[in-house]
Amino acid sequence: MSTRWRVLTVGAAVAVSIGALTAADYAVLREQMVHEQLEARDIRDQRVLAAMRSVPRHEFVPEEFRTYAYEDSALPIGQLQTISQPYIVALMTQLADVKQGDRVLEIGTGSGYQAAVLAELTHEVYTIEILEPLATQAEATLRRLGYDRIHGRTGDGYAGWPEAAPFDAILVTAAAPKVPRPLLEQLTVGGRLVIPVGQHEQELKVITKQPAGFAEARVIPVRFVPMKGRIEGQPE
Ligand code: SAH
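The rules we used
- Residues numbered from 1 in each chain as written.
- Predicted model: local features only at pLDDT ≥ 70, side-chain atom pairs only at ≥ 80, totals over all residues.
- Heavy atoms only, no water.
- Near = heavy atom within 4 Å.
- Polar contact = N/O pair within 3.5 Å; in protein donor to acceptor, adjacent residues only side chain to side chain.
- Areas by Shrake-Rupley, 256 points an atom, 1.4 Å probe, with all protein chains shown as cover.
- Helix = DSSP H or I, 4+ residues; strand = E, 2+ residues; numbered from the N terminus.
- Core = buried A, V, L, I, M, F, W, Y, C linked by side-chain atoms within 4.5 Å.
- Buried < 20%, exposed > 50% of the residue type's maximum accessible area, 1.4 Å probe, protein only.
- Contact = heavy atoms within 4.5 Å.
- Pairing = 2+ DSSP bridges.
- Axes fitted to C-alpha atoms, helices over the stretch in contact; angles between N-to-C directions.
- Parallel < 35°, antiparallel > 145°, perpendicular 65-115°, else oblique.
- Left-handed = near helix turned anticlockwise from the far one by under 90°.
- Nonpolar A, V, L, I, M, F, W, Y, C, P; charged D, E, K, R; others polar.
- Phe/Tyr/Trp six-rings, centres within 6.5 Å; stacked < 30°, edge-to-face > 60°.

Let's talk about the site of the ligand
Here's step 1: If you check the shell around the ligand, you find 25 residues, and the closest are Ser111, Glu129, Asp156, Gly157 and Lys228.
Here's step 2: Between a nitrogen atom of the ligand and a main-chain N or O atom of Gly108, the distance comes to 2.9 Å.
Here's step 3: Its free accessible area being 580 Å², the ligand has 99% of it covered by the protein chains.
Here's step 4: For the shell around the ligand, the leading source of residues is strand S2 (residues 81-83), giving three residues.

Comments concerning the nonpolar core
Here's step 1: By size, the foremost hydrophobic cluster in this structure holds 49 residues, and its most contacted members are Leu38, Ile43, Met52 and Tyr113.
Here's step 2: For this core, the secondary-structure elements that each account for two or more residues are helix H3 (23-39), helix H4 (46-54), strand S1 (75-78), helix H5 (86-96), helix H6 (113-119), helix H7 (132-144), strand S6 (167-172) and strand S8 (202-209).
Here's step 3: The element contributing the most residues to this core is H5, with seven residues.
Here's step 4: Setting aside residues up to four positions removed in sequence, Leu38 forms contacts with Met33, Ile43, Leu49, Met52, Pro86, Tyr87 and Ala90.
Here's step 5: Of all hydrophobic cores here, the second largest spans 22 residues; its members include Tyr126, Ile128, Leu184 and Ile231.

As for the sheet that holds strand S5 (residues 151-154)
Here's step 1: Across the sheet, which stays open at both edges, the seven strands sit in the order S5-S4-S3-S6-S7-S8-S9 with mixed pairing between neighbours. Of all strands in the sheet, those bounded by a partner on one side alone are S5 and strand S9 (214-222). When the angles between neighbouring strand axes are averaged without regard to direction, this sheet yields 15°.
Here's step 2: Across seven bridges, the pairing between S8 and S9 is antiparallel. Bridging from a neighbouring strand, Lys205 pairs with Arg218 of S9.
Here's step 3: Packing against the sheet, H5 makes contact with S6, strand S7 (187-198), S8 and S9, and its axis sits at approximately 170° to S9.

Considering the packing of H3 against H5
Two measures define how a pair of helices packs: the angle their axes make with one another and the distance between the axes.
Here's step 1: Here H3 crosses H5 at 65°, and the two axes come no closer than 10 Å. Our classification of the angle between H3 and H5 gives roughly perpendicular. Here H3 runs over H5; the crossing is right-handed. Mapping the contact onto sequence places Met33, Gln37 and Leu38 in H3 and Pro86, Tyr87 and Ala90 in H5.
Here's step 2: Across the contact of H3 with H5, the residue classes break down as five nonpolar, one polar and no charged.

Considering the packing of aromatic side chains
Here's step 1: Taken as a whole and judged by the stated rule, the model has four aromatic pairs.
Here's step 2: Their ring planes at 50° and their centres at 6.2 Å tell us that Tyr26 and Tyr70 sit as a pair that is tilted. You can see Tyr26 sitting in helix H3 and its partner Tyr70 sitting in the loop between H4 and S1, a full 44 residues away along the chain.
Here's step 3: According to the relative accessible area criterion, Tyr70 is buried, its value standing at 6%.

Rendered as structure tokens:
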């Protein structure tokens, strides 16, 4: 084992003290993340694991946090928003059960990382971000990394993306006090809405559209930044 390897396994925080990490170093950290944080938990979908192995998460976080990109935690991305912990991104992607050719909508582009993970699974990815500076930056990052087929839009995701509906899966990456009705309406029959619901304490839910009505599964307690815009004025 080389010194370099040992330092990396101790943690990226230490690695920063020996100089900037290379793409190869990040690949080591990414593999470790997949193994220790995803496979060791309940991420079993091989396509999701492959997507998490290939998307360079460090490219989506601000320079000063780059060495922490593969840690088991959320990180700041500016505008008081955060990129979710890798495990939560993988879990939501697994729950969305995206197959090639599926149409997928994400509400809350943030850094663009979740959208890139989805783009590894299907060519039909749509994503909406309410904060203009984040939308602009995410678009630039995605383009730089070659994710040029993702459809992005700046605006309030509450209303979904009616012109591109229906969707086989919709992921909401900000917490909603209640489920936005338009998103339920924009699901195909069999389509899945993966959404953190609640205010201070939230639960990750999967709502599946059935021929008559919806089926709801509660997954785990989570903490997301609150959804903004029209939802804030909606009664409970
Ligand atoms: N999925 C992102 C992380 C999202 S953080 C990633 O992979 O990096 C939640 C994001 O949702 C924030 O960027 C926030 O600005 C955005 N957001 C909040 N309310 C929204 C709304 N109504 N419509 C669209 N985006 C919203």
